[in-house]
Every structure is written in structure tokens, then in C-alpha cells.
Amino acid sequence: MKKRLFYSLIALFVMIPLFNVNSPAHAAGFTDVPARALEEVTYLSDGNIAKGSSTTIFNSDRTITRAEAAIFIGRALQLNGTPRKTVFRDVDSSSTAAGYIQSGVDTGIILGYLSGVSQGNFYPNKAITRGEMAIMIANAFEYSYGGTASGAAKALMDRGVADGMGNGSFGASYLIKRADFAVFLARAINPEFRTKDSAGFSKSIWSNAPNLNIRKGPSTAYASIGKLSEDQQVSAAHSVGGWTYIKTGSTTGFVATAYTRTTAAKPAVPTESADSRLAGQTIIIDPGHGGTDPGAIGFNLREKDVVLTTGLKVNNLLKKTPFNVKMTRSTDTFISLIGRSNFAKAQGGDVFVSIHANAASASASGTETFYYSAATNPYVADSKLLATKIQNRMITAWNLKNRGVKSGNYSVLRENNMPAALAELGFITNKSDNAKLASDYWLTSASKAIYYGILDYYKAKGYEVDSLYNVAK
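Described below are features of the structure shown in this document. Everything numeric in this text was worked out from a predicted model, so none of it was measured.

1. Quick word on the side chain of T282
- Secondary-structure assignment places T282 in strand β8 (residues 282-287).
- Reaching out from T282, the side chain makes a polar contact with the side chain of N324 at a distance of 3.0 Å.
- Every residue in contact with T282, bar those within four places of it in the chain, is listed here: N324, K326, Q347, G348, G349, D350 and V351.

2. Points about the nonpolar core
- Core analysis: the largest hydrophobic core is formed by 123 residues, its most contacted members being L44, F141, I189, I285 and Y458.
- Looking at which element gives the most residues to this core, the answer is helix α13 (residues 440-460), with 11 residues.
- Membership of the second largest hydrophobic core comes to 10 residues, among which are I284, A344, F352 and L422.

3. Overview of unusual backbone geometry
- Phi at Q78 is positive, roughly 55°, even though this residue is not glycine.
- Inspection of the secondary structure assignment puts Q78 in the loop between α3 (66-77) and α4 (98-106).
- The exposure class of Q78 is buried, given its relative accessible area of 14%.
- Phi angles above zero are rare outside glycine, and H289 is one such case at about 60°.

4. Regarding α3
- For α3, spanning 12 residues, the distance from its first C-alpha to its last is 17 Å, which sits close to the expected 16 Å at 1.5 Å a residue.
- Counting buried positions along α3 yields 12 of 12 residues, so the element is predominantly enclosed.
- Taken as a whole, α3 has its buried residues at R66, A67, E68, A69, A70, I71, F72, I73, G74, R75, A76 and L77.
- Backbone geometry just after α3 places Q78 at a positive phi near 55°.

5. A short note on the packing of aromatic side chains
- Following the criterion strictly, the structure yields 16 aromatic pairs and no others.
- For the pair Y43 and F193, a centre-to-centre distance of 5.0 Å together with 65° between the ring planes defines the contact as edge-to-face. Of this pair, Y43 sits in helix α2 (residues 38-46) while F193 sits in the loop between α7 (178-189) and β1 (203-207), and the two are 150 residues apart along the sequence.
- On the basis of relative accessibility, which here comes to 5%, the residue Y43 falls in the buried class.
- Note on F193: relative accessible area 17%, which makes it buried.
- Linked through ring pairs, F323, Y457, Y458 and Y463 together constitute an aromatic cluster.
- Note that R66 overlies the ring of F122, its terminal NZ or CZ placed 4.6 Å from the centroid.

6. Things to note about the sheet that holds β8
- The 6 strands are arranged β11-β8-β12-β15-β13-β14 in an open sheet whose pairing can be described as mixed. Among the strands making up the open sheet, the edge pair consists of β11 (324-327) and β14 (402-407). Neighbouring strand axes in the sheet, compared pairwise and without regard to direction, differ in orientation by 20° on average.
- Here strand β12 (residues 351-358) pairs with strand β15 (residues 420-427) via 6 bridges, running parallel.

7. Looking at the pattern of salt bridges
- In total, this model carries 20 salt bridges according to the counting rule given.
- Among the ionic pairs, R84 bridges to D106, the shortest N-O distance being 3.9 Å. Note that R84 is positioned in the loop between α3 and α4 and D106 in helix α4, a separation of 22 residues in sequence.
- Residue classification places R84 among the partly exposed residues on the basis of a relative accessible area of 22%.
- A relative accessible area of 55% means that D106 is categorised as exposed.
- In this structure, D305 and R302 form a salt bridge, with 2.8 Å as the shortest nitrogen-oxygen distance.
- Judged by relative accessible area, D305 falls into the partly exposed class, the value being 28%.

8. Topic: the pairing of strand β4 (residues 233-240)
- One ladder, built from 4 bridges, connects β1 with β4; its direction is antiparallel. Bridge pairing links S204 to S235 in β4.
- Where β4 lies against strand β5 (residues 243-248), 4 bridges are found, and the strand directions are antiparallel. Paired with A236 across the strands is I246, a residue of β5.

9. A word on the packing of helix α5 (residues 130-140) against α7
- Orientation of α5 relative to α7, taken along the N-to-C sense of each, is 20°, at an axis distance of 11 Å. On the basis of their axis angle, the class for α5 and α7 is roughly parallel. In the crossing of α5 with α7, the sense of the turn from one axis to the other is right-handed. Two secondary-structure elements touch here, α5 through R130, M133 and I137 and α7 through F181, F184, L185 and A188.
- Partitioned by chemical class, the residues of the contact of α5 with α7 number 6 nonpolar, no polar and 1 charged.

10. Section: the pairing of β12
- With respect to burial, β12 is a largely interior element, 8 of its 8 residues being buried.
- In β12, alternate side chains face the same way, and those of V351, V353, I355 and A357 on one face and F352, S354, H356 and N358 on the other are all buried.
- Direction of pairing for β8 relative to β12: parallel, over a ladder of 5 bridges. Within β12, the residue paired with I285 across the bridge is V353.

What counts as what
- Along each chain, the written sequence defines residue order, and numbers are assigned to residues from 1.
- A pLDDT threshold of at least 70 governs which residues receive local features in this predicted model, and a stricter bar of 80 or more applies before side-chain atom pairs are shown or counted, although totals over entire chains, interfaces and linings include all residues.
- Side-chain figures throughout are based on the complete set of non-hydrogen atoms in the structure, without hydrogens or water.
- A run of DSSP states H or I qualifies as a helix once it reaches four residues; a run of E qualifies as a strand once it reaches two. Both are numbered from the N-terminal end.
- Residues adjacent in sequence count toward polar contacts only when both atoms are side-chain atoms; beyond that, a polar contact is any pair of N or O atoms within 3.5 Å, and within protein one must be able to donate a hydrogen and the other to accept it.
- We call two residues in contact when some of their heavy atoms are within 4.5 Å.
- Residues enter a nonpolar core if they are buried and are Ala, Val, Leu, Ile, Met, Phe, Trp, Tyr or Cys, with the set joined through side-chain atoms within 4.5 Å.
- For every residue, the accessible area obtained with a 1.4 Å probe (protein chains only) is divided by the maximum for its type, and the residue is called buried under 20%, exposed over 50%, and partly exposed between those limits.
- Between the first and last residue of a helix there are one fewer steps than residues, each counted as 1.5 Å, and that sum is the expected span.
- Only the six-membered ring of Trp is used, alongside the rings of Phe and Tyr, when aromatic pairs are assigned; centres must lie within 6.5 Å, and planes under 30 degrees apart are stacked while those over 60 apart are edge-to-face, with the rest tilted.
- Think of it as a cone above the ring: NZ of Lys or CZ of Arg counts as a charge over the ring if it is within 6 Å of the ring centre and within 35 degrees of the ring normal.
- Strand pairing requires that DSSP identify at least two bridges connecting the strands.
- All axes are obtained by fitting lines to C-alpha atoms, using only the stretch in contact for helices, and the reported angles, taken between N-to-C directions, cover 0 to 180 degrees.
- A carboxyl oxygen of Asp or Glu within 4 Å of a side-chain nitrogen of Lys or Arg is what we treat as a salt bridge.
- Note that the term roughly parallel is reserved for angles under 35 degrees, roughly antiparallel for angles over 145, roughly perpendicular for angles of 65 to 115, and oblique for everything else.
- The crossing is said to be left-handed when, going from far helix to near helix, the turn is anticlockwise and less than a right angle, and right-handed when the turn is clockwise.
- When residues are sorted by character, Ala, Val, Leu, Ile, Met, Phe, Trp, Tyr, Cys and Pro go into the nonpolar class, Asp, Glu, Lys and Arg into the charged class, and all the rest, Gly among them, into the polar class.

Take a look at the structure:
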């Protein structure tokens with residue numbers, strides 16, 4: 001019994017189809033999805049969670065393997081899917097599912113076989129059953145179920161996530177098809193698909209950001225269906241990865257949890273050992289492009305969206321410190337290049353950080369950070385110091401090719417009168433870089449790296465900032 005439980009737990013993170021993460025989503029174009037699953041498959045496809053083998057074939061009737069399930073749930077929860085070595089001897093480190101499987105282990109979602117001849121294996125190509133699926137979803141979405149397959153099945157049915165079979169049983173031993181798993185996963189993510197009203201908006205949260213997007217699903221891939229104003233109180237239900245399902249008026253959807261708080265009062269600004277001079281320092285965060293200027297585009301991902309998400313995350317971290325922080329744009333609006341530097345000057349900026357994503361040939365990859373080395377901006381040494389600190393942190397956080405710190409003749413650097421750096425996170429036109437740019441997990445890592453880089457700069461300049469590093473932990 002114990003071995004069977006661990007077997008089911010293992011399966012819990014493994015129910016997703018192997019598909020090309022970079023191919024465009026055309027869920028409505030699938031010709032093999034039954035009517036009962038079309039809305040749910042479309043929903044997962046819109047969020048880049050599920051894709052088919054082509055734009056027209058979803059393979060709806062094919063059973064789901066354990067590796068596919070790991071990818072599905074990993075993408076839904078926005079776990080780190082970078083292929084890497086796992087604890088299982090039968091999972092190749094270069095396989096598409098390897099990163100998601102190991103992330104499932106790291107987060108306690110996946111367990112492997114613990115005894116007998118199967119010990120240390122994951123069996124990635126083995127099809128999963130409905131009972132194993134129930135435990136996977138129960139674990140992934142933190143349902144209380146008593147550790148048994150029957151308990152997990154009851155937890156899903158009680159919430160309207162799963163249905164029983166026509167014979168009155170749950171059919172725990174039956175293998176599950178891709179279309180049916182898509183239905184169950186979509187219901188677990190978004191209660192609007194469930195067979196009963198079980199959202200349970202029992203908590204209150206407050207928005208920490210102006211114009212905070214409410215999205216149809218738990219990622220920036222989903223369309224915005226409304227906005228929250230700063231300090232607005234809303235009702236909250238469950239979380240999916242870094243997103244919280246909320247309700248305000250007649251609107252229900254997902255907001256980024258990082259931009260919310262659980263108390264009406266704003267968190268106190270860290271003061272312990274913080275340098276009193278920091279309150280007089282204004283940091284300008286500049287997400288590039290915006291509005292009618294999408295920036296570079298690669299694999300259906302737009303630079304303007306990636307850098308705005310990252311910039312807002314940096315802004316949210318800096319707001320928890322004594323620093324004064326301003327953004328050239330906090331929404332999808334167009335700001336001219338000279339308008340950005342003029343804004344920074346008008347705000348009395350002391351540090352300017354512009355955030356971008358690179359574009360070139362498909363083989364070009366890596367992170368680089370620029371400063372301006374001519375006297376037009378009199379802070380050449382400080383600009384190079386700022387760029388170096390940010391670059392060092394980015395390389396540590398993203399582990400991409402280090403393209404170095406370089407002099408660049410960019411308007412936002414050249415026309416500024418303060419230490420200024422321009423960070424190129426990665427190449428949106430490179431498949432591997434793009435996968436990180438499309439991931440909320442990796443954009444959070446990038447935002448922390450930029451935040452740490454700014455602190456490193458101030459520390460090098462003689463400011464006491466040690467207590468502020470804890471803000472991003």
C-alpha cells in the first residue's frame with residue numbers, strides 16, 4: 001500500500017503532453033478535440049500550458065505519460081522547466097520533461113519509487129491512471145485528501161474538478177486521455193470550468209501596484225480582463241503558482257501574487273541598519289518599448305510585455321525599501337526615448353536602469369549590460385559600476401552565456417545625467433533564452449538580480465544596505 005501511494009504521488013506531477021513550448025497556440029484550430037473538452041483545451045493552449053503535435057492535432061485520445069503530466073503541471077504552476085539532471089536514473093537530463101520533474105521533486109509534488117527493483121526510477125513513458133491523476137492534482141493544488149487515491153478522487157469530485165464514471169465509480173484504474181486530463185487541469189486552475197461552485201473567496205488581499213492586471217489565467221500569456229488600483233481590496237480564493245484567483249464586483253480572474261499583500265496596512269519599510277541617506281535616492285526603472293512599439297518578437301513573445309513584467313517586479317521590491325522609486329511606464333504605453341531620459345531628469349533620478357530583451361539570429365544567446373562611456377553622461381565610472389553589478393547578478397541568477405558589460409550608444413544612456421545602465425536579459429529570438437523570458441519564475445529571478453545589482457552598486461558606493469537584501473528572499 002505504501003509503495004502504491006508513492007507511485008501515485010510520483011505521477012501527480014506528470015500529466016502533461018510533450019509539445020513545442022515555442023509553437024504558437026491555435027487551440028480553436030484543433031480538429032480532434034471532442035466538444036466536451038474544447039473550451040478547456042483552448043484555455044490551456046491560450047496560456048501556453050498545453051499544445052498539440054501540430055496546430056490542428058491535439059492527440060486527444062492518446063493516453064498521457066508521466067513525463068507529459070510533469071510538463072503540463074509544471075507549466076501550469078510556472079515551475080523551473082530548464083532541462084537538468086534529476087534524482088531519477090531513468091530521466092535523461094536533456095529531456096524536455098527533466099526540469100519539470102526535478103522541480104516537482106524540489107517542491108514536494110513528485111516522489112519516485114522508494115523500494116524494490118523500481119527504486120530510483122520515474123518511468124517517464126508510462127501511462128498514468130485516473131487514480132494517479134487525482135493524486136497529482138490534489139498534491140499540485142494542495143488539496144487535503146488523506147494520502148490515498150480514493151481521498152484524492154473525493155477531493156476532486158467535491159470541488160467539481162473531476163467526475164465519476166457512468167457505473168458510479170471513479171474508475172481509478174483506468175488510463176486517462178489527454179483531452180480528459182486537460183479538462184481536469186483547467187478546472188483545477190479556473191473554477192469557471194468546474195461542475196459546481198467551489199471557488200470559495202474566503203480571504204481578502206490588497207493590491208500593491210497601480211493598474212494591476214486581472215488576467216483570464218495564471219500567467220502573462222492570458223489576456224487582461226480588468227485592472228486593480230493601488231491599495232484596492234478584493235476577495236481571494238486559491239493560488240496557482242505565483243498567481244491568485246480573485247473576485248472584484250462581477251470580475252473574476254488572476255492577479256500576480258507578488259503585487260498583493262494580505263493586510264490593509266502597507267508593510268513597514270525596512271529600517272534596521274538601513275542608511276538614512278537612502279530615502280533621498282531616487283531610482284528610475286525603465287521597461288523598454290510599450291504601446292505601439294512591441295520591441296523584438298520571438299516565438300509569439302513580445303519584448304514590451306516581458307520587460308514590463310520584470311520592471312514591475314523590480315519596482316515592487318524597491319517599494320519595500322527606503323529608496324524612492326519611479327517607473328517611466330507601469331502600463332502598456334508608448335514613451336519616446338527622449339521622453340524616458342527627460343522623465344528621469346524631472347524626477348531627480350540618482351540611478352537609471354533600463355530593461356530590454358535582445359534579438360538577433362536564432363543562435364545568439366546570453367545576457368549583457370550596457371553603459372555609455374562618453375562624457376555626454378558625466379557619470380561614466382558609476383554607470384559602468386552599476387552595469388557591472390547588475391550583469392554579475394544576472395549571470396548568477398539566469399546562468400546564461402555571459403556576453404559581458406559593454407559600452408553602448410543608446411539614447412536612454414547617452415541623454416541621461418545620472419548613473420545609467422541598460423540590461424539585455426536574453427535573446428527573445430533564441431529558443432532557450434526565450435523559454436526563460438516566457439517564464440514568470442525566471443522573470444522573478446531576473447527582477448531579484450536587478451534589485452540585488454542596484455544594492456551592490458550602492459554598497460560599493462559606501463551606503464549601508466545589508467538589511468535590504470532580505471527583501472527579495
